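For reference, the chains in residue letters:
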There are 2 protein chains.
Amino acid sequence: MNTATDTDQSAASAFGGMLAEPLDIVNIGVESFGAPPAQAGATVTNLQWRPPAGGDDELGMKLAALTANPIIQKANDEAFEKMLSARAILKDVVPAREAIDVLSEGKALLHAGPPIAFDDMAGPMKAGVIGAALLEGWAQDEEDATRQAREGKISLHQTHDHMAVGPMGGIISPSMPVMVVEDPVNGNTAFTNLNEGAGRALRYGALGEDVMKRLHWISERLGPSLGAAIREAEEPIDLRSITAQALQMGDEVHSRNQAASTMTTRELAPGLARNADLGGIEALDFLRTNNYWFLNFSMVASKLGTHAGHNVKHSTLMTTFSRNGVNVGIRVSGLGDQWFTSPAAEVEGLYFPGYGPEDANPDIGDSAITETYGLGGFALAAAPAIVGFVGGTVDSAIRTTEEMATITHGRHREYQIPTLNFKGSPVGVDIRKVVDSGVEPVITTGIAHKEPGIGQIGAGLTVAPLLCFTEALKALEIPEA
Amino acid sequence: MNTATDTDQSAASAFGGMLAEPLDIVNIGVESFGAPPAQAGATVTNLQWRPPAGGDDELGMKLAALTANPIIQKANDEAFEKMLSARAILKDVVPAREAIDVLSEGKALLHAGPPIAFDDMAGPMKAGVIGAALLEGWAQDEEDATRQAREGKISLHQTHDHMAVGPMGGIISPSMPVMVVEDPVNGNTAFTNLNEGAGRALRYGALGEDVMKRLHWISERLGPSLGAAIREAEEPIDLRSITAQALQMGDEVHSRNQAASTMTTRELAPGLARNADLGGIEALDFLRTNNYWFLNFSMVASKLGTHAGHNVKHSTLMTTFSRNGVNVGIRVSGLGDQWFTSPAAEVEGLYFPGYGPEDANPDIGDSAITETYGLGGFALAAAPAIVGFVGGTVDSAIRTTEEMATITHGRHREYQIPTLNFKGSPVGVDIRKVVDSGVEPVITTGIAHKEPGIGQIGAGLTVAPLLCFTEALKALEIPEA
């Protein structure tokens, strides 16, 4: 909603000159219709409006039937409550091959987002496959790794099919350490890899000796010392409690994780110090400056949250949302494991010096699971300090959270936002509301270079394209009472 | 400013019944004058107003002359810039006797606030003296310690006279470890003791075996391991940089120090882990849950900041503000080391279960040095989450910061507040503005039980009483051009 400020004199003339008496006008839809009366002296309030379902009559009819259906409402209540009931307790760190069946033998790895063949992958994800093949000793060099991947000698699986999540390329290979995180309420376990920190990281598609050296160190020293520290921790490490605190401390726990990373490091520090022989002190050196550290924790906790609400019959809540750098895909609670996809959106943001939009890969990674669980872009109001990193203003951050609340089923009870007087963050995207309003879920995200081998070049905001939601809506059945 | 809501019918009658036409009235000063017209249907806006200098004509004349004086303005500009120029680099932790001359021999200790004799001390400060005497082995038991203190066998000095600060009772005795913090820009060094954490702490006047055991451990294990970790740190530990970040993370670094404490612990963790033999791992266990840890860092950095602006001839900026639990006192840049005192104010706040205002000691401790440097109550808008701890609402926290800006010389450039669109925190209280407006500086603080031996019973808000400021104003000279 805004007030027309057009000062075009011809527009005023077209409306018939100046008004004799003041007039208050509400203009719905096309904004330019409000300019002539405004120019003539009227107070014009422009309301944004688009026809439901993008003006598609058949879809509009279906949307109306779905929206009015009490069985869907009940299913969504159930899915929503299950999502909110989930806990996320950090239990261990082990090599991925010990935790994820499909990685237990042969040349297999996981990647982020909906399914994609190696040749179709975006640059940063291709680099991730190549780097993982080198890390595992499957290939002699980058060319050899590329050839093997192309010939199908390395089997590629989707993270979300194996209760795993990984940021950006999201590559998880057998020797990489993964966190094991449990939701005892719903009896689920999920996995994620360890964050490599900022700078040149495989997840962004960086390759090279420095990247490989760090990955080896993560497997050989960080993973084992961290696992020991977690197993010996004095209290259970409750990722939801840390997340709730971090939202009071300026994080939205997707693109800003400073408070949560610091808290998690403080929590683990005594255990790491006690496991100096396994690499604990080196781990503390690494964690001292890693402000992205909690991102993977945030993702795996969000995965447990959304998964708890998955597979509720007739529910129209989105339970997965991820991107492989070419396509974005969503899954819907009542529609099982089917992906509904759309070409990936561009990211609007701020670039590191020397880079610009022409270098950027489209939106990529599993990290949008945080938005799926009411964090990241949905909790933007909690992180006013992020605007210096992803762009925007403090006010626009607050407006974004409130706009997201128009497409969710409800609000978190535990995840509260101080600048909104401790209202909960909006959670549980209802695909009916997205199609009805045309409001697309907002995501805070990093920007990877589109070519393999380079890495992160910025950070910003993007959206989950409407097309995924209309496609999913078409697949929904209208339940009979 | 608020709108009159009085619905007393007789008031309306007194104003002459209902108005024939709508009327907008601005009522300045006595609020009840606005009620009759409001009752009669007028829109009344009550503006708060008090006569300058509390209606004291002589003081009012002097205030007018001081306010118009360009030499004072220039002196305040200079003091303000010096205050903002200060840095605070953590250099070491050593026993107090090695850092503070007056503690180098004999039975001597420091206490918070303006001067006070042992017999006149508040309960929590008395307990601090007794506990310190036991810690140092000067006394057999509490009675013996009390007798020695009463007979002047233990000499008592003020922290601020020795570039030291201590929260609550502020007792620093020779064997207690102190942090050594340097301001290389202005060539100053300041000291503070180590924070004992929440719960039963000597600074709040708690006594007993648990309290003494922790104090011994702090001297023998925490201090030495911390000193080693600081000396070996990879980068200088810059307390102003940590403070600036903490203000983006929901701390006002007086009564909420969660982000800063966590960051400081993460920063020191590798060094502590490397000094396991000195007590480093025990220190990490202790720091894992100490969310008050940074308070003392915040105080000593603020001391260096305010001290940099002290002793600027003719400056009317407050450079020290502290409380001994009976009196509060301020020092003014242009008035040297003279204290201007007032009886200590009550604290309005939230109490731990089982305690209430009748148990509370009045405002106590050196921690108001943080407000003197534009933090704590002055930065309340940075810490919306604190309202659950000290009372109030998010909006009232924002209003408090903006009200404090009306009595300061300017705003921090480095210490910014996200909810105010990154405006700086107000800093440099000008005593002329306090006397002129009657707006008293707001402080966030803990509440100690008034009896010795018990400890903290709550937290809340209080103010620096106007009387200190009018007394100081009387001592100012009007400079001649």
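Here is what the cut-offs are and how they apply
- Residues numbered from 1 in each chain as written.
- Chains lettered and ligands numbered in written order.
- Predicted model: local features only at pLDDT ≥ 70, side-chain atom pairs only at ≥ 80, totals over all residues.
- Heavy atoms only, no water.
- Helix = DSSP H or I, 4+ residues; strand = E, 2+ residues; numbered from the N terminus.
- Buried < 20%, exposed > 50% of the residue type's maximum accessible area, 1.4 Å probe, protein only.
- Lys, Arg positive; Asp, Glu negative; His and termini not counted.
- Salt bridge = Lys/Arg side-chain N within 4 Å of Asp/Glu carboxyl O.
- Contact = heavy atoms within 4.5 Å.
- Domains from an automatic or database assignment.
- Buried area = accessible area lost by both parts, 1.4 Å probe.
- Axes fitted to C-alpha atoms, helices over the stretch in contact; angles between N-to-C directions.
- Left-handed = near helix turned anticlockwise from the far one by under 90°.
- Nonpolar A, V, L, I, M, F, W, Y, C, P; charged D, E, K, R; others polar.
- Pairing = 2+ DSSP bridges.
- Polar contact = N/O pair within 3.5 Å; in protein donor to acceptor, adjacent residues only side chain to side chain.
- Phe/Tyr/Trp six-rings, centres within 6.5 Å; stacked < 30°, edge-to-face > 60°.

(A) Geometry of the side chain of Asp359 of chain A. Residues and elements named next belong to chain A. Relative to the assigned elements, Asp359 resides in the loop between β14 (348-351) and β15 (364-365). Comment: no salt bridge for buried Asp359; closest opposite-charge side chain is Lys450, at 5.9 Å. Residues within four places of Asp359 in sequence aside, it is in contact with Gly354, Ala448, His449, Lys450 and Ile457.

(B) Focus on the domain arrangement of chain A. Residues and elements named next belong to chain A. Its domain assignment divides chain A into domain 1 (2-47), domain 2 (55-84 + 305-475) and domain 3 (87-301). One C-alpha centre belongs to domain 2, the other to domain 3; they are set 23 Å apart. Summing the contributions of domain 2 and of domain 3, the shared interface buries around 3900 Å²; its carbon and sulfur component is 58%. Linking domain 2 to domain 3 there are three salt bridges.

(C) View of the packing of helix α9 (residues 239-247) of chain A against helix α12 (residues 294-308) of chain A. Residues and elements named next belong to chain A. At a minimum axis distance of 10 Å, the contact between α9 and α12 shows a crossing angle of 115°. For the pair α9 and α12, the sense of crossing is left-handed. In this structure, α9 uses Leu239, Ile242 and Thr243 to contact α12, whose residues at the interface are Phe294, Phe297, Val300 and Ala301. For the contact of α9 with α12, the per-class residue count stands at six nonpolar, one polar and no charged.

(D) Region of the structure containing the sheet that holds strand β15 (residues 364-365) of chain B. Residue and element names in this part refer to chain B. The sheet built from four strands is open, its strands ordered β13-β12-β11-β15 with antiparallel pairing. Two strands close off the open sheet at either side, each with one partner strand: β13 (340-343) and β15. Here strand β11 (residues 318-324) runs beside strand β12 (residues 327-332); their pairing, made up of five bridges, is antiparallel. Its bridge partner being in β12, Met318 is matched across the sheet by Val332. Each of β11, β12 and β13 touches helix α17 (residues 466-475); the most contacted strand, β13, lies at about 155° to it.

(E) Structural detail: the interface of chain B and chain A. Listed by partner, the interface residues are 35 residues for chain B and 34 residues for chain A. A combined buried area of about 3100 Å² lies between chain B and chain A, and 57% of that area is made up of carbon and sulfur atoms. Per-residue buried area on chain B facing chain A is highest for Met249, Arg266 and Arg288 of chain B; these three make up 28% of the total on that side. One can count eight salt bridges joining chain B with chain A. For the salt bridge of Arg274 of chain B with Asp285 of chain A, the shortest nitrogen-to-oxygen distance reads 2.4 Å. For the pair chain B and chain A, the number of links is 14 residue pairs in polar contact (both at pLDDT 80 or more). Counting only elements with at least two residues in the side of chain B that touches chain A, the list comes to α10 (258-274), α11 (280-287) and α15 (394-404) of chain B.

(F) Quick look at the packing of aromatic side chains. Residues and elements named next belong to chain B. Using the criterion set out here, one finds 10 aromatic pairs over all chains in the structure. Residues Phe294 and Phe297 carry aromatic rings whose centres are separated by 5.3 Å and whose planes lie at 5° to one another, so their mutual orientation is stacked. Taken as a pair, Phe294 and Phe297 lie in helix α12 (residues 294-308) at a separation of three residues, close to a single helical turn. Given the relative accessible area of 0%, Phe294 is considered buried. Given a relative accessible area of 0%, Phe297 falls into the buried group.

(G) Broad picture of the sheet that holds β15 of chain A. All names here are of chain A. Spatial strand order, β13-β12-β11-β15: four strands in an open sheet with antiparallel pairing. Only two strands of the sheet have a single partner each, and these edge strands are β13 (340-343) and β15. Most of the contacts of helix α17 (residues 466-475) go to β13, to which it runs at about 155°, and overall it touches β11 (318-324), β12 (327-332) and β13.

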